[in-house]
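# Report on the structure
Chain by chain, the residues run as shown.
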Amino acid sequence: MTEDRPSEPAAASPPTRVPAPHEEEPDYRFTLANERTMLAWLRTALALIAGGVAVETFALNLQPQWLPGVIGLVAVILGAVIAVAGYLHWGRVQQAMRRGRPLPTQYAAPMITVGIVIISVGLAIGILR
């Protein structure tokens, strides 16, 4: 006598994002390129944060005495802002690609340029004093 066993369920596939009716899935190469760009911004943010901590910790000869703290704080805050801006930009680009719209403007690049100039000028002043 054979028993009727329920068949084993098939292995569940990972959930996939279903595009909304007005969206279509972009070419995966563009999605991966967008992800690599976001990761580059995150690496830049991490470098700024690490640099800010290093200046505060090891730049003992900069004058005036408060300068390393200010430079370190600016670098850490800029790193945090760049990390958030990179993530938000990634999301906006993904959405634009899915909807077939032009890519949004990247605001983090000018922001990081101004921040690095400010940090560099501060370090130059501290070294030359």
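A brief structural summary. (Residues numbered from 1 in each chain as written. Predicted model: local features only at pLDDT ≥ 70, side-chain atom pairs only at ≥ 80, totals over all residues. Heavy atoms only, no water.)

Across its full length, the protein chain holds three helices and zero strands. Ordered by position from N to C terminus, the α and β elements of the protein chain give α-α-α. Within the protein chain, buried positions represent 26% of all 129 residues. Considering only contacts in the protein chain between residues 6 or more positions apart, those separated by 24 or more positions represent 73%. For the protein chain, the computed accessible surface area is about 9,400 Å², with 67% contributed by carbon and sulfur atoms. (Helix = DSSP H or I, 4+ residues; strand = E, 2+ residues; numbered from the N terminus. Buried < 20%, exposed > 50% of the residue type's maximum accessible area, 1.4 Å probe, protein only. Contact = heavy atoms within 4.5 Å. Areas by Shrake-Rupley, 256 points an atom, 1.4 Å probe, with all protein chains shown as cover.)

What follows deals with helix 2 (residues 67–99). Here helix 2 contains 33 residues, and its C-alpha end-to-end distance of 47 Å stays within 8% of the 48 Å for a straight helix at 1.5 Å per residue. At the C-terminal side of helix 2, glycine 100 shows a positive phi close to 70°. (Expected span 1.5 Å × (residues − 1).)

The next point concerns the side chain of glutamate 23. Mapped onto the secondary structure, glutamate 23 falls in the segment before helix 1 (28–58). Reaching out from glutamate 23, the side chain makes a polar contact with the side chain of arginine 99 at a distance of 3.3 Å. (Polar contact = N/O pair within 3.5 Å; in protein donor to acceptor, adjacent residues only side chain to side chain.)

Leu48, Ile82 and Ile119 are the most contacted members of the largest nonpolar core, which has 15 residues in total. Counting only elements with at least two residues in this core, the list comes to helix 1, helix 2 and helix 3 (108–128). Take this core: its biggest share by element is six residues, from helix 2. Ignoring sequence-local partners within four residues, the contact set of isoleucine 82 consists of Trp41, Ala45, Leu48, Ala108, Met111 and Ile112. (Core = buried A, V, L, I, M, F, W, Y, C linked by side-chain atoms within 4.5 Å.)

With that settled, the discussion passes to the side chain of asparagine 34. Relative to the assigned elements, asparagine 34 resides in helix 1. Taking the relative accessible area as the measure of exposure, asparagine 34 reaches 8% and is therefore buried. For asparagine 34, the residues in contact, after removing those within four places along its chain, are Trp90, Val93, Gln94 and Met97.

In this section: the environment of valine 55. Following the sequence through the fold, valine 55 ends up in helix 1. Between the C-alpha atom of valine 55 and that of isoleucine 71, which follows or precedes it by 16 residues, the distance is 7.2 Å. Ignoring anything within four residues of it in the chain, the contact list for valine 55 reads Pro68, Ile71, Gly72 and Leu123.

This next bit is on the pattern of salt bridges. Applying the stated criterion to the full structure yields three salt bridges. Measuring nitrogen to oxygen at the nearest pair gives 3.3 Å for the salt bridge that ties arginine 99 to glutamate 23. Within this pair, whereas arginine 99 is found in helix 2, its partner glutamate 23 is found in the segment before helix 1, the two being separated by 76 residues in sequence. Of the charged contacts in the structure, one is a salt bridge between glutamate 25 and arginine 98, with a shortest N-O distance of 2.7 Å. Of this pair, glutamate 25 sits in the segment before helix 1 while arginine 98 is found in helix 2, placing the two residues 73 residues apart along the sequence. (Salt bridge = Lys/Arg side-chain N within 4 Å of Asp/Glu carboxyl O.)

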